[in-house]
Amino acid sequence: MNAEARKAWNEDQKRLTAMILLPSEHKESVSLLLRQHALLYTADGEADIAFGFEDLLLKGAREETLRHYPVQSPDTRNSIVWHLWHSARVEDITMNLLVAGTRQVQDTDGMARRLNIRFLHSGNEMTDAEMAELSAEIGIEGLLAYRQAVGRRTREIIASLEAGQFRQKVDAERIKAVREQGAVTEKAGWLTDYWSGKTISGLMLMPATRHHFVHLNKAMRIKSRLQRRRS
C-alpha cells in the first residue's frame, strides 16, 4: 500500500477508536469497522471495496518471495507466509474463542489439513527451526483460503454485535478455553494475560484490524526488498 492509503486507513482507525465505545455511535462504528477490516484482506465481493491491501501484497509476488526465511529487515526476520498466517491465527482465536465463544475457523472444513502444518497455536514465540519449517511447508492455497474464511467469519461476528457490547470485558472462561485448546503456547502465556485485560472493542481495534495492518506493512516491505534485489 502506498503512503496515501496507509494515511487514510490510519485516520479512519483513529476515528473508529474515538467512537467505538459510544452506544449512540454503534451503527456507524460497525459500518466503519467492517470497512477497515475488509481493506486488510483480498476483495471477495462481500465488502464494498474493489481492492484490498492483501491483493496489493500478493500481486506479482513470487512463491520464493512469500516463503523466504529468514529475511533481512530492521523489524522482522519472519517470512511473508508467517506474517499472513500469524495475523489470521490471532484473529481466528480472538474473534471466535474470545468474542463469539464459538469454535475456530481452523477447526472447520478440513482447514488444518489444507494449511499443511503441524502448528495449531498463534505463532508467538516460535523457534528459528519452527519458522523455517512453517515457511517451507505451509500450503499457500490453503493459507489464502484460511485467511478468507477467517475474515468472512469476523465480519459476521462484527455485524452481529449489539449496542453496548463493545464495552464488555473478555470472559475469563473464554481465556481459559484458549489455554486449554493450545491456541497459545505456554511460553507465550503473556498473550492470554494481555487479552484478558481487553474489552471487545480492544480486540476489534488490535487483533482484528491494527495487528493485521502492522503485519501487512512488514510483509510489503519484505516483498519490495526481495523482488527488487532479484529483478
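Residues numbered from 1 in each chain as written. Predicted model: local features only at pLDDT ≥ 70, side-chain atom pairs only at ≥ 80, totals over all residues. Heavy atoms only, no water.

### A word on the overall build of the chain
Worth spelling out the cut-off: Secondary structure follows DSSP: runs of H or I at least 4 residues long count as helices, runs of E at least 2 residues long count as strands, and numbering of each begins at the N terminus. Radius of gyration here uses only the C-alpha atoms, and the compact-globule reference equals 2.2 Å multiplied by the residue count raised to the power 0.38. Whether two residues touch is decided by their heavy atoms; if any such pair falls within 4.5 Å, the residues are in contact. Residue exposure ignores everything except the shown protein chains as possible cover, and the areas themselves are Shrake-Rupley values with a 1.4 Å probe. Charge convention: Lys and Arg are scored as positive, Asp and Glu as negative, and His as well as the terminal groups of each chain are ignored. Working definition for charges: the position is that of NZ of Lys, CZ of Arg, CG of Asp or CD of Glu.
Assigned secondary structure in the chain consists of 11 helices and 0 strands. Along the chain, from the amino end to the carboxyl end, the secondary structure elements read α-α-α-α-α-α-α-α-α-α-α. In terms of C-alpha radius of gyration, the chain reaches 17 Å, essentially the compact-globule figure of 17 Å for 231 residues. Summarising its shape, the C-alpha atoms of the chain cover approximately 50 × 40 × 35 Å along the three principal directions. Sequence-distant contacts in the chain: of pairs separated by 6 or more residues, those separated by 24 or more amount to 74%. Working note: accessible area of the chain is about 10,900 Å², and carbon and sulfur atoms make up 49% of it. The averaged location of the 30 negative side-chain charges in the chain is 5 Å from the averaged location of its 34 positive side-chain charges.

### A short note on the nonpolar core
Filter applied, for reference: We call a set of buried Ala, Val, Leu, Ile, Met, Phe, Trp, Tyr and Cys residues a nonpolar core when their side-chain atoms join them within 4.5 Å. Categorising residues by exposure relies on relative accessible area from a 1.4 Å probe, with only protein chains included: less than 20% of the type maximum marks a residue as buried, more than 50% marks it as exposed, and the intermediate range marks it as partly exposed.
Counting 35 residues, the largest nonpolar core has Phe53, Trp85, Leu134 and Ile138 as its most contacted members. Ignoring any residue separated from it by four or fewer positions in sequence, one finds isoleucine 138 in contact with Arg67, Val81, Trp85, Leu115, Ile117 and Leu143.

### So, the packing of aromatic side chains
This is how it is decided: Only Phe, Tyr and Trp rings are paired, with Trp represented by its six-membered ring, and only when their centres lie within 6.5 Å; those with planes under 30 degrees apart are stacked, over 60 edge-to-face, the remainder tilted.
For the structure shown, the criterion picks out 2 aromatic pairs. Taking the centre distance of 4.2 Å and the plane angle of 5° together, the rings of tryptophan 9 and phenylalanine 213 count as stacked. Of the two residues, tryptophan 9 sits in helix H1 (residues 3-19) while phenylalanine 213 sits in helix H11 (residues 200-230), which places them 204 residues apart along the sequence. Taking the relative accessible area as the measure of exposure, tryptophan 9 reaches 2% and is therefore buried. The class of phenylalanine 213 is buried, set by a relative accessible area of 5%. Between phenylalanine 53 and phenylalanine 213, the aromatic rings sit 6.4 Å apart at their centres with planes inclined by 55°, giving tilted as the arrangement. Highlighted residues: phenylalanine 53 in helix H3 (residues 53-58) and phenylalanine 213 in helix H11, separated in sequence by 160 residues. Aromatic ring contacts, followed pair by pair, group Trp9, Phe53 and Phe213 into a single cluster.

### Some remarks on the UniProt feature "domain: DinB-like" (unreviewed entry) in the chain
This is how the line gets drawn: UniProt positions are given in the numbering used here, feature names are shortened, and annotations may be inferred rather than shown by experiment.
Feature annotation in UniProt assigns "domain: DinB-like" (unreviewed entry) to the following positions: residues 58-173. The straight-line gap between the two end C-alpha atoms of residues 58-173 is 38 Å; of that span, 56% is helix and 0% is strand.

### Brief notes about unusual backbone geometry
Trans is the prevailing form of peptide bonds, just as negative phi is the prevailing case for residues other than glycine. Cis geometry marks the peptide bond from tyrosine 69 to proline 70, where omega comes out at -5°. Within the element layout of this structure, proline 70 appears in the loop between helix H4 (63-67) and helix H5 (80-100). Despite not being glycine, aspartate 109 shows a phi value in the positive range, around 55°. Turning to its location among the elements, aspartate 109 is positioned in the loop between H5 and helix H6 (111-115). Since its relative accessible area comes to 69%, aspartate 109 is described here as exposed. A positive phi angle is found at asparagine 116, which is not glycine, with a value near 65°.

### A word on H5
For the record, the criterion: Residue count minus one, scaled by 1.5 Å, sets the expected span of a helix.
Helix length check: H5, at 21 residues, gives a terminal C-alpha distance of 29 Å against a target of 30 Å (1.5 Å per residue), a fit within 8%. Counting buried residues along H5, 20 of its 21 residues qualify, which places the element largely inside the surrounding structure. Glycine 101 sits one or two residues past H5 and shows a positive phi near 70°.

### Side note on the packing of H5 against helix H8 (residues 140-160)
Just so we agree on the cut-off: Helix axes are fitted to C-alpha atoms over the stretch in contact, other axes to C-alpha atoms as well, and angles between N-to-C directions run from 0 to 180 degrees. Should the near helix be turned counterclockwise from the far one by less than a right angle, the crossing is left-handed, whereas a clockwise turn marks it as right-handed. The residue classification treats Ala, Val, Leu, Ile, Met, Phe, Trp, Tyr, Cys and Pro as nonpolar and Asp, Glu, Lys and Arg as charged. All others, Gly included, are polar.
Where H5 contacts H8, the axes come no closer than 10 Å and their chain directions differ by 30°. By crossing handedness, the relation of H5 to H8 is classed as left-handed. Listed contacts from H8 to Val81, Leu84, Trp85, Ser87, Ala88, Arg89, Glu91, Asp92, Met95, Asn96, Val99 and Ala100 of H5 are Ile140, Leu143, Tyr146, Arg147, Val150, Gly151, Arg153, Thr154 and Ile157. Split into classes, the residues belonging to the contact of H5 with H8 amount to 12 nonpolar, 4 polar and 5 charged.

### Here's the deal with the environment of glycine 110
Along the chain, glycine 110 falls in the loop between H5 and H6. The class of glycine 110 is partly exposed, set by a relative accessible area of 33%.

### Let's talk about helix H7 (residues 128-137)
Just so we agree on the cut-off: Working note: the arc is built from the helix axis to C-beta atom directions.
Looking only at H7, the buried set comprises Met131, Leu134 and Ser135. Projected down its long axis, H7 carries its buried residues within an arc of 100°, all on one side. When the buried face of H7 is taken as reference, the exposed residues oriented beyond 90 degrees from it are Ala129 and Ala136. Tucked into the core, H7 has its buried residues touching H4 and H5.

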